[in-house]
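# Structural overview
The lines below spell out each chain.
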Amino acid sequence: MSNLPPGTVLPGLRFKQRFPLLSLIFERCLLSIVLLFAVSVLIFGGLEALPGDFATTYLGQSATPQAVANIREELGLNRPVVTRYVQWLGNAVRGDFGTSWASKNSVGEQIGKRLGNSLFLAGFAALISVPLAVCLGMLAVHFRNRLPDKIINVISLAAISLPEFFIGYLLIMFFSVKLGIATFPATVFDGMGFIDRLKAIALPTATLVLVVLAHMMRMTRAAILSVMSSAYMETAELKGLSAFRAIVKHAAPNALAPIINVIALNLAYLIVGVVVVEVVFVYPGMGQYMVDAVTVRDMPVVQACGLIFAAVYIFLNMTADILAIVANPRLRHPR
Amino acid sequence: MNDYTKYLASRVTAGGLSRREFMGRAMAAGVTLTLADKLFTESAMAAEPKRGGHLKLGLEGGAATDSKDPAKFLSQVMFCVGRCWGDMLVESHPLTGAAVPSLAESWEPSKDAATWTFKIRKGVKFHNGKELTIDDVVATLKRHTDAKSESGALGVVKSIKEIKADGDNLVLTLTEGNADMPLLLTDYHLVIQPNGGNDDPLASIGTGPYKMVSFEPGVRATFERNKDDWRTDRGFVDSVEIICMNDATARIAALSSGQVHYINRVDPKTVDLLKRAPTVEILATAGRGHYVFIMHCDKAPFDNNDLRLALKYAMDRETMVKKILGGYGKVGNDFPINNTYALFPEGIEQRAYDPDKASFHYKKSGHSGSVLLRTSEVAFPGAVDAAVLYQESCKKAGINIEVKREPGDGYWTNVWNVQPFSTSYWGGRPTQDQMYSTAYISTADWNDTRFKRPDFDKLLLQARSELDEAKRKELYRSMAMMVRDEGGVILPMFNDFVNASTKQVKGYVHDIGNDMSNGYVATRVWLDA
């Protein structure tokens, strides 16, 4: 491209050159969709490779060969894998995830509830942890290597070193068993009032905040610090800007990309990776739903959950990438 | 008050022990006459049930995959849920295990025990207001016995050849005599539903003490009291809430903070910690469930009875009960029956740990080298520890056990009933006949020890149709001896059902039938403010 005379525009490149940002975003979206399809193949193939099928696992010790045969027949487990995959994908694209083999409930309806619960919990945890992490990160930079920085570091390192179930148990022990001020279990259900819901999720939210805080805070701190060592920050300092203003106005925007990335990663974790917290707090979210389904090989449910988890991950990563491109002009023109 | 007297008192409170019986047993246990009298009066006073309140249960064993269809009840939670809203034709007596009337008022076998006539109770109403009729009963049983059915009770009821109504009576014709027929109908899948549940198997409409209000699989189920219940001796609380709590620590936290009144599956390892909480009561009930080490009698080297005997003598049962069950259990005697079964064969010598005998039989078997034992944490709680413990006790007899830990996922498909030597568990069955028919008769699908003995099968069939109890007991004794001395099962222990409640919960019945007061916990207890 570089040896073409200036001003010539190849037909295929016209859009790309005229709207470099839009075309980059478009490419990124396309990649996500391809990725999602690849994941769907992996999910289906992976489940096929698991030992034992639904009929035997679901009935467990009380299965009779007759009942097993009946179930296999009814669910069409005898058909070839490819046929089942194509049919499943066709329905899934249209938003139809079928019915659970085990409970005969509509998977879509169940997931609607569970995903709602998961998003509710994740949303609150994010609402608290993201601003808190970024603020603490900036504070740590401001007071770097002094007492507040050290305190923030030690506490966040301690929180990240403890397994999440342990933090959960500690919170339950103090706030629920000893002091009796927090609601436990955190079971939410249809028809529960908003205030009651908030009370119910207080402890799991606190646990999640503690778990993800350190990661985001430390990344913010490191990213800003690395910007701080660059020449233009020195200029800012020399021209007499206050330290705090220099951090907020000049350093933070340039450190956005890595911070956005780590936030996206943690958001994804808050939605798809909190099975342990759900189990400990008896919270009916997506993770628990999927684990239950995997145990009995309830394929429609596992596949739907897997696909949704993948979609959440891919979507958040994509958003992070796009935001990073928007935030950093240099990324728009790959060299 | 020692543990035994406490236990007796709880039986009085539950209404299962007369004054005479209580006094006799308490005094035999060393309690003075005055004290025994006082204890009885106190316990009997406590037996006056209070009505009202909201009962919350935190139970392990629910999943998002649970179905409301009784035919597909599998989990502990659904077992309990079903008992709340539905009734079977027959119940089992909580203390003796004998069949007692429920929706069937009475029954009569033919001389060969192959035809049974059940008189169905009149004036019972379903939750939707419809009266229970013989047609509902027939339709229910037909749905569960259909060869195309996916019912969990299919194995239990497969011997029913014909189901028909004779006026208001139910007549069951069996393929062969079965003296235990009424007890088979206590199976928790066989909830009587309007039109057998054919219209809507998921409707959860029954004749039980509670009506279902809401249900979310793997999360929560709620019930309100059925004001038109046909019985007055149950359903004491106004509403029931069952919360699925699959995490053991969560259950304990919920109970000790008073958020729930009752939890199941207390880990023997933590039971002593839980005991310290002043508000908590441990409820341990002797049960029929047992943990087993199974050898295939038809595969080398286990096809040699001397080797099997050597491995049986090398099992230290006392230590197993102490270490693996935390003392909450009883030692087993290498046959799958204990004294909670009616017609238990008494007086069979208890097999004890004997390294000398083990090594004698081991040498006699001519086997050398190590023996591979497969195990996994899902086989039973503490199965891996138990395997290692067994490895140690075998060492003293000069037997080398190689323990292989298998992944829990797929254990029941790939290891149990497939590999020649593995760990496993069995839940109890309502009758001895059913236990042996499920796992020890030659033709059983789940004959996981490959114990194939025509003479044993003959005894089993003979006992099945024998209506004379003394004769049956004798037959069961011969069968027990056969399994104990020649079978492929090493049965170190029967596990207690360990549950716990807050002290507010009264009237808990230690039902020998199954866990959680045979699933009836919510319908039997009341709350004392």
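The preceding data block contains the structure.
Keep in mind that what you see is a predicted model, and the values were worked out from it rather than measured.

Okay, the overall build of chain B next. Within chain B, the regular secondary structure consists of 19 helices and 21 strands. Computed over the C-alpha atoms, the radius of gyration of chain B is 24 Å, within 12% of the 24 Å expected from 2.2 N^0.38 for a compact globule of 529 residues. In terms of overall dimensions, chain B has a C-alpha envelope of 70 × 55 × 50 Å along the principal axes. Sequence-distant contacts, at least 24 apart, represent 70% of the contacts inside chain B between residues at least 6 apart.

Each strand in a sheet pairs with its neighbour through backbone hydrogen bonds, running either in the same direction (parallel) or in the opposite one (antiparallel). Residues and elements named next belong to chain B. Taken together, 7 strands build an open sheet; the order of strands is β8-β9-β10-β1-β11-β19-β12 and the sheet is mixed. Taken across any chain shown, the strands that pair with only one partner, and hence form the sheet edges, are β8 (210-216) and β12 (280-285). Sheet analysis places strand β9 (residues 220-225) next to strand β10 (residues 239-244), joined by 5 bridges and oriented antiparallel. Across the sheet, residue R220 finds its bridge partner in β10, namely I243.

What follows concerns the side chain of B:D511. All names here are of chain B. One can find D511 in the loop between β20 (505-506) and α18 (515-518). In this structure D511 comes out as buried when scored by relative accessible area, which is 0%. Here R524 takes part through its side chain, which lies 2.9 Å from a polar atom of the side chain of D511. If sequence neighbours within four positions are ignored, D511 has contacts with P94, T285, S517, N518 and R524.

Another aspect to go through is the pattern of salt bridges. Residue and element names in this part refer to chain B. Across all of its chains, the model carries 31 salt bridges over all chains by this definition. For E406, the salt bridge identified is with K404, shortest N-O distance 3.7 Å. Overall, E406 belongs to the buried group, its relative accessible area being 14%. Within the structure, one salt-bridge network assembled from shared partners comprises R317, D334, R351, R484 and D485.

Overall, the coordinates contain 2 cavities of 30 Å³ or more when judged by the stated rule. For the largest cavity, the calculated volume is near 110 Å³. For the largest cavity, the lining is made up of 14 residues, of which A:V282, A:Q288, B:G218, B:C244 and B:N246 are closest to its centre. Its residues assigned to classes, the lining of the largest cavity shows 7 nonpolar, 4 polar and 3 charged.

All right, on to unusual backbone geometry then. Here the residue pair A:F184 and A:P185 is connected by a cis peptide bond, since its omega of -5° sits within 30 degrees of zero. Along the polypeptide, A:P185 turns up in the loop between α8 (164-178) and α9 (194-200). Even without a glycine there, the phi angle at B:N518 is positive, about 60°. Assignment of secondary structure puts B:N518 in helix α18.

Moving on: the state of the cysteines. What the rule picks out here adds up to 0 disulfides over all chains. The thiol of A:C305 is not disulfide-bonded; the next cysteine sulfur, from B:C244, is found 17 Å away. Residue classification places A:C305 among the buried residues on the basis of a relative accessible area of 0%.

For the rest of this paragraph, the subject is the sheet that holds strand β7 (residues 169-174) of chain B. Residues and elements named next belong to chain B. Taken in spatial order, the 4 strands make up an open sheet running β4-β5-β7-β6, and their pairing is antiparallel. Edge positions in the sheet fall to β4 (104-109) and β6 (160-166), since each of these pairs with one other strand and no more. On average, each strand axis in the sheet is inclined to that of its neighbour by 20°, with strand direction left out of account. Where strand β5 (residues 115-120) lies against β7, 5 bridges are found, and the strand directions are antiparallel. Within the sheet, the bridge partner assigned to F118 lies in β7 and is L170. Contacts between helix α5 (residues 134-145) and the sheet are confined to β5, β6 and β7, with β6 contributing the most and set at about 165° to the helix.

Right, let's get into the interface of chain B and chain A. Contact residues are listed per partner, giving 43 residues for chain B and 47 residues for chain A. Between chain B and chain A, the buried area comes to about 3,500 Å², and carbon and sulfur atoms account for 57% of it. Along the contact surface separating chain B from chain A lie 0 salt bridges. Across the contact surface, chain B and chain A share 6 residue pairs in polar contact (both at pLDDT 80 or more). Elements with a contribution of two residues or more to the side of chain B that touches chain A: α6 (154-157), β10, α8 (248-256), α14 (411-414) and β17 (421-426) of chain B. With 5 residues, the top contributor of residues to the side of chain B that touches chain A is α8(B). For the side of chain B that touches chain A, the class distribution of residues is 18 nonpolar, 16 polar and 9 charged.

All names here are of chain B. Most of β7 is tucked away, with 5 of its 6 residues classed as buried. Bridge analysis of β6 against β7 gives 6 bridges, and the strand direction is antiparallel. Bridging from a neighbouring strand, E162 pairs with T173 of β7. With antiparallel pairing between neighbouring strands as the criterion, β6 and β7 make up a hairpin whose turn holds 2 residues, including G167 at a positive phi of roughly 65°.

Let's shift gears to the packing of aromatic side chains. Going through the model one piece at a time under the given rule, you end up with 24 aromatic pairs over all chains. Arranged with centres 5.9 Å apart and planes meeting at 70°, the rings of B:W412 and B:W416 form a pair that is edge-to-face. Using a relative accessible area of 27% as the deciding quantity, one classes B:W412 as partly exposed. Through pairs of rings, three or more aromatic residues link up here, namely B:Y411, B:W412, B:W416, B:Y425, B:W426 and B:W446. When the ring centre of A:F189 is taken as origin, the NZ or CZ atom of B:R220, which lies over that ring, is 3.2 Å away. Above the face of the B:W230 ring, B:R231 is positioned so that its terminal group lies 5.7 Å from the ring centre.

Within soluble globular proteins, side chains that are nonpolar tend to cluster in buried spots. One finds A:I111, A:I172, A:L270, A:F281, B:L274, B:I282 and B:A500 to be the most contacted residues of the largest nonpolar core, which totals 104 residues. When residues in this core are grouped by element, the largest group, 12 residues, is from helix α6 (residues 107-142) of chain A. Dropping the residues within four chain positions of it, B:L274 is found in contact with B:I252, B:L255, B:V266, B:V280, B:I282 and B:A500. Core analysis: the next-biggest nonpolar cluster, separate from the first, contains 65 residues, B:I348, B:A358, B:A397 and B:M435 among them.

For the rest of this paragraph, the subject is the environment of A:S226. Residue and element names in this part refer to chain A. One can find S226 in helix α10 (residues 202-228). By relative accessible area, which is 49% here, S226 ends up partly exposed. In sequence terms S226 and F244 are 18 residues apart; their C-alpha atoms lie 16 Å from each other. From its side chain, S226 meets the backbone oxygen of A223 in a polar contact 3.1 Å long.

Once that is clear, we can look at the environment of B:G52. Residue and element names in this part refer to chain B. Tracing the chain through its elements places G52 in the loop between α3 (33-46) and β1 (54-59). Overall, the relative accessible area of 15% leaves G52 in the buried class. Along the sequence, G52 and K363 sit 311 residues apart, while their C-alpha atoms lie 66 Å from each other. Leaving out residues up to four positions away in the same chain, G52 has contacts with F236, V237 and D238.

So, how was this worked out
- Starting from 1, residues in each chain are numbered consecutively following that chain's sequence as written.
- Note on labels: chains are lettered from A, ligands numbered from 1, in written order.
- This being a predicted model, a pLDDT of at least 70 is required before a residue's local features are given, and a value of 80 or more before pairs of side-chain atoms are given or counted; all residues contribute to the totals for chains, interfaces and linings.
- Excluded from the side-chain calculations are hydrogens and water; all other atoms, namely the structure's heavy atoms, are used.
- For the purposes of this entry, the term helix denotes a DSSP run of H or I that reaches at least four residues, the term strand denotes a run of E that reaches at least two, and both are numbered from the N terminus.
- Computation of the radius of gyration draws on C-alpha atoms, with the globule rule given as 2.2 Å multiplied by the number of residues to the power 0.38.
- Whether two residues are in contact is decided by their heavy atoms, any of which lying within 4.5 Å being enough.
- Strands are labelled as partners when DSSP assigns at least two bridges between them.
- Only protein chains enter the accessibility calculation, which uses a 1.4 Å probe. A residue is then buried if its area is under 20% of the maximum for its type, exposed if over 50%, and partly exposed in between.
- Polar contacts, as used here, are pairs of N or O atoms within 3.5 Å; protein pairs need one atom able to donate a hydrogen and one able to accept it. Residues neighboring in sequence count only if both atoms are side-chain atoms.
- Any carboxyl oxygen of Asp or Glu within 4 Å of a side-chain nitrogen of Lys or Arg constitutes a salt bridge here.
- Residues are called lining when one of their atoms sits within 4 Å of a cavity or pocket point, these points coming from a 1 Å grid over the protein atoms alone, where a cavity is a set in which a 1.4 Å probe fits but cannot get out and a pocket is an open set with protein on both sides within 12 Å along at least five of seven lines.
- Grid points are joined across faces, edges and corners, and a volume is the space filled by probe spheres set on the points.
- Residues are grouped as follows: Ala, Val, Leu, Ile, Met, Phe, Trp, Tyr, Cys and Pro are nonpolar; Asp, Glu, Lys and Arg are charged; all remaining types, including Gly, are polar.
- Any cysteine sulfur atom paired with another within 2.5 Å is treated as part of a disulfide.
- Here an angle of 0 to 180 degrees is reported between the N-to-C directions of two axes, which are lines fitted to C-alpha atoms, with helices fitted over the stretch in contact.
- By convention, the term buried area covers the 1.4 Å-probe accessible surface removed from two parts as they join, with the contributions of both added.
- When two rings of Phe, Tyr or Trp (its six-membered ring) have centres within 6.5 Å they constitute a pair, described as stacked for plane angles under 30 degrees, edge-to-face for angles over 60, and tilted for the intermediate range.
- Here, a charge over a ring is recorded when the distance from Lys NZ or Arg CZ to the ring centre is within 6 Å and its angle to the ring normal is within 35 degrees.
- Nonpolar core, defined: a set of buried Ala, Val, Leu, Ile, Met, Phe, Trp, Tyr and Cys residues in which side-chain atoms within 4.5 Å join the residues together.

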